[in-house]
Structure formats: structure tokens, C-alpha cells
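# Geometric and topological summary
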Amino acid sequence: MGYAGGKKSDPTYHDLGDHSETIEIDFDPSVISYAKMLDYFWGMHNPCRAAYSVQYKSAIFYHGDEQKRLALDSRDRLAATSGKVLTDIVPAEKFTLAEDYHQKHALRNFDSVLAEYQAIYPNDADLVNSTAAARVNSYLSGYGALSNLKKEIDSLGLSEDGKKLLLARVREP
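What you see is a predicted model; the values in this text were computed from it and never measured. Every residue gets a number counted from 1 within its own chain, in the order that chain's sequence is written. Reporting of local features is limited, given that this is a predicted model, to residues whose pLDDT is at least 70; pairs of side-chain atoms are given and counted only at 80 or more, and all residues count toward the totals for whole chains, interfaces and linings. Side-chain calculation: all heavy atoms of the structure are included, whereas hydrogens and water are not.

### With respect to the overall build of the protein
- Working definition: helices are DSSP H or I runs of at least four residues, strands are E runs of at least two. Numbering for both runs from the N terminus. Regarding its fold elements, the protein presents 8 helices and 5 strands.
- Put simply, the protein runs from its N terminus to its C terminus through helices and strands in the order β-β-α-β-α-β-β-α-α-α-α-α-α.
- Viewed in the frame of its principal axes, the protein has a C-alpha envelope of about 50 × 35 × 30 Å.
- A 1.4 Å probe rolled over the protein chains alone gives each residue an accessible area, and that area as a share of the maximum for its type sets the label: buried under 20%, exposed over 50%, partly exposed in between. Looking at the protein as a whole, 34% of its 173 residues qualify as buried.

### Here we look at the packing of helix α4 (residues 111-120) against helix α8 (residues 160-169)
- In this description, a line fitted to the C-alpha atoms serves as the axis of each element, helices being fitted only across the stretch in contact, and the angle between N-to-C directions of two axes falls anywhere from 0 to 180 degrees. Running from N to C, α4 and α8 cross one another at 140°; their axes reach a closest spacing of 9 Å. Classified by the angle between their axes, α4 and α8 sit oblique to one another. In this structure, the crossing between α4 and α8 has a hand that is left-handed. Between α4 and α8, the residues in contact are Ser 112, Val 113 and Glu 116 and Asp 161, Gly 162 and Leu 165, respectively.
- Classification used: nonpolar for Ala, Val, Leu, Ile, Met, Phe, Trp, Tyr, Cys and Pro, charged for Asp, Glu, Lys and Arg, polar for all others including Gly. When grouped by side-chain class, the residues that make up the contact of α4 with α8 number 2 nonpolar, 2 polar and 2 charged. An angle below 35 degrees is treated as roughly parallel, one above 145 as roughly antiparallel, one from 65 to 115 as roughly perpendicular, and anything else as oblique. When the near helix sits turned anticlockwise from the far one by under a right angle, the crossing is termed left-handed; a clockwise turn instead gives a right-handed crossing. The criterion used for residue contact is that any of the two residues' heavy atoms lie within 4.5 Å.

### Remarks on helix α6 (residues 131-140)
- Every buried residue belonging to α6 is among Ala 132, Ala 133, Val 136, Asn 137, Tyr 139 and Leu 140, and all of these are buried. The buried residues of α6 occupy one face: seen down the axis, they fall within an arc of 160°.
- N or O atoms closer than or at 3.5 Å make up a polar contact, with two conditions inside protein: a donor-capable atom paired with an acceptor-capable one, and, for residues adjacent in sequence, both atoms drawn from side chains. Its side-chain oxygen placed 3.3 Å from the backbone nitrogen of Ala 132, Ser 130 serves as the N-cap of α6.
- Positive backbone phi, approximately 95°, marks Gly 142, located one or two places after α6. Note: the arc covers the axis-to-C-beta directions of the helix.

### Concerning the packing of aromatic side chains
- The pairing test for Phe, Tyr and Trp rings, Trp by its six-membered ring, is centres within 6.5 Å, and the orientation test on the planes gives stacked under 30 degrees, edge-to-face over 60, and tilted for anything in between. For the coordinates displayed, the defined rule picks out 4 aromatic pairs.
- Ring geometry for Tyr 52 and Tyr 56: centres 5.7 Å apart, planes at 40°, overall tilted.
- Judged by its relative accessible area of 71%, Tyr 52 is exposed.
- Each ring, one from Tyr 117 and one from Tyr 121, has its centre 6.4 Å from the other, and the planes form 10°; the classification is stacked.
- For Tyr 117, a relative accessible area of 1% puts it in the buried group.
- Take Tyr 121: its relative accessible area is 24%, and that puts it in the partly exposed class.
- Each ring is checked for a lysine NZ or an arginine CZ that lies within 6 Å of its centre and within 35 degrees of its normal; such an atom marks a charge sitting over the ring. Cation over ring: Lys 36 sits above Tyr 40, and NZ or CZ is 5.2 Å from the ring centre.

### As for the pairing of strand β3 (residues 59-62)
- Where burial is concerned, the two faces of β3 agree: the one with Ala 59 and Phe 61 and the one with Ile 60 and Tyr 62 are both buried.
- Strands qualify as paired when DSSP identifies two bridges or more between them. Examined bridge by bridge, β3 and strand β4 (residues 88-91) share 4 bridges and lie parallel to one another. From the neighbouring strand, Phe 61 faces β4, where its bridge partner is Val 90.
- Orient the strands so they point away from the viewer; a crossover is then right-handed if the path from the first strand over the helix to the second runs clockwise. Of the crossover connections in this fold, the one passing from β3 over helix α2 (residues 64-82) to the parallel β4 is right-handed.

Don't take any of this as a statement about function, it's just geometry.
If you want it as C-alpha cells, here you go:
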């Protein structure tokens, strides 16, 4: 979670300037293609609805000509069936990581499991960068099936009590 797309140096949640809240995704193209990620992106929101502020606008920040081409092509295919797409497609420039308290929001609202990760990662930056914490945050946010969680729960670094609490909280979508 962070801020991008604006000119203000060092944006913060309470002083965004002209930036938008966004995420930055590091991905392995041998695991998932950029085109497939675009498919997920278009399916996760209504790109034909106007944003009510710059802070919450829909945008794709591309890196390089090929990502730009793929983003524009996917937008145009969607527009042909859905109408005018209002998502901005702009070059990625600076991404500013949001404040620690904005990271792993769902996990931060699940105190017992959060405490386990804070014991593993006493430095908030390490918690923010933890893949295991990101996976748990995703499940707690409603993304991911209980059946998938059961398959990977032993790799998430939780105690037996933490596993039980998490399994009790996550439902099938």
C-alpha cells in the first residue's frame, strides 16, 4: 500500500497532494503474466465508474512499452463490451510506501494473530515485507478460499493456536 501518480514529494495519508492510494506488485512472469494480472484487475472493480477523488481513482501504472501496450489493449477490449473505461493508464514513476499503520490492515485488526507476527517481525518494516503476513492479510480480507488456506497454513509461521484462530476466521468465498 502506498501512493503514486502525483508530483508532491513525500506524500502521506493526511497530505496526499495529487497522489492516489495504490499498491505496487512485484511479480514473477514465469508464475503469472502481466496480461493475467490485468484480467484480475479489470474484474475486481468497476472501471467505468468515475472516481470521486484523485485519492481513490482507478489507475494502472505501467513499466515500459510492453506493459503500456498490454494495458491499453486490455482496456480497449473491455471498453468494446462495457462502454467507456475511466481507468487511467500512466507511466509508473515514484511509488511511496504508505505509513506502517496503513499496511496489512486486516491483519492489524486481528490482534491475536498480529501479535504472533510482531513477535517474529519486531520491526514494522519486516512485517510489511513479510510474504506470510501478506498471505494472512489477504485471507483475512476475504481473498482466498478456506480450502487453500488449509493447504498452506503450515508455511505461514503461526503457532497451533494462531492457526486455529485463523482457520476459524476464514470462510469460503
